[in-house]
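A look at the structure
Each chain, letter by letter, is given below.
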Amino acid sequence: MKTTVFACCVLAALLGAPLLAQKEMDRLQNSATVLKEILGMPDSIPKELLDRAECVIVIPSVKKFAMGVGGSYGRGVMDCRGGQTFDGPWGSPAMVILEGGSIGLQLGGQAIDYVLLVMNDRGADSILSSKVKLGGDASAAAGPKGRTAGASTHIAMRAEILTYSRSRGLFAGVSLEGSTLRQDSDGDEVVYGKKVAAREIVLGGVVAVPAGAQPLVDLLNQHSPHNLSNK
């Protein structure tokens, strides 16, 4: 009996591993697709903000779920410029999870894509160190949009994290205060084939860019090859 149970567990693990790997590859590919579509919109993220961002987080297709008072849960990726001072090219992404009672209530509760710009090393360090409450542990603000956002862009630069959403083709800055952002260690392990800390992935250069993440990395290097935050 014990042998049969053990065999079933082994078989389940063998069958489940490819499904998990494909799920994480889909997450990487969907994130690249979402960011490409958003950056291609006429009123998109201002380039001057993207050029000053040290990390970009993409959470595709967040959906509201009903449980008690309701809430939302989305899995995405965090990609940063390389090096300890974020002055290198975009590199290997870490997997992240966004959750909270407010994120699914935006724009009528439809499936929503989120893009977050991490504007300085304090914001990046907060996310890479622990679970972060937006608006609490890290200052966050709805990001301005459009190629020339003017004064609102300068105001937004004071925030550590700028947040955007897209639903039904509508793109806008949106407040995510009260939501939490945390590392997805299980997702990282599936993508990279071993346990590795998000900080080591993003800043340590200890893992190569996986094939599924290459479109996202190439897209960021194409649209914003240099960090202009100190210029």
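Note that the structure is a prediction, hence the values are computed from the model and not measured. (Residues numbered from 1 in each chain as written. Predicted model: local features only at pLDDT ≥ 70, side-chain atom pairs only at ≥ 80, totals over all residues. Heavy atoms only, no water.)

1. Digging into the packing of aromatic side chains
Following the criterion strictly, the structure yields one aromatic pair and no others. Summarising the aromatic geometry, the rings of Tyr164 and Phe171 are spaced 5.3 Å apart at their centres and angled 10 degrees between planes, so their arrangement reads as stacked. What makes Phe171 buried here is its relative accessible area of 4%. (Phe/Tyr/Trp six-rings, centres within 6.5 Å; stacked < 30°, edge-to-face > 60°. Buried < 20%, exposed > 50% of the residue type's maximum accessible area, 1.4 Å probe, protein only.)

2. Remarks on the confidence of the model for the protein chain
Overall, the predicted model of the protein chain reaches an average pLDDT of 83, with 78% of residues at or above 70. Per-residue pLDDT, averaged within each element of the protein chain, yields its smallest value for helix α4 (residues 151-156) (54) and its largest for helix α7 (residues 214-223) (97). Ignoring residues within four places in sequence, the model shows residues 5-16, a span with pLDDT below 50, making zero contacts including any to other chains. (pLDDT = per-residue confidence, 0-100. Helix = DSSP H or I, 4+ residues; strand = E, 2+ residues; numbered from the N terminus. Contact = heavy atoms within 4.5 Å.)

3. Focus: the pattern of salt bridges
Taken as a whole, this structure holds eleven salt bridges when the rule is applied. A salt bridge links Lys131 to Glu99, with the shortest nitrogen-to-oxygen separation between them at 3.9 Å. Taken as a pair, Lys131 in the loop between α3 (121-129) and β5 (132-133) and Glu99 in strand β3 (residues 94-100) lie far apart in primary sequence, 32 residues in all. The class of Lys131 is partly exposed, set by a relative accessible area of 49%. Its relative accessible area of 16% is what places Glu99 among the buried residues. In this structure, Arg199 and Asp125 form a salt bridge, with 2.7 Å as the shortest nitrogen-oxygen distance. Of this pair, Arg199 sits in helix α6 (residues 198-204) while Asp125 sits in helix α3, and the two are 74 residues apart along the sequence. The exposure class assigned to Arg199 is partly exposed, which follows from its relative accessible area of 32%. (Salt bridge = Lys/Arg side-chain N within 4 Å of Asp/Glu carboxyl O.)

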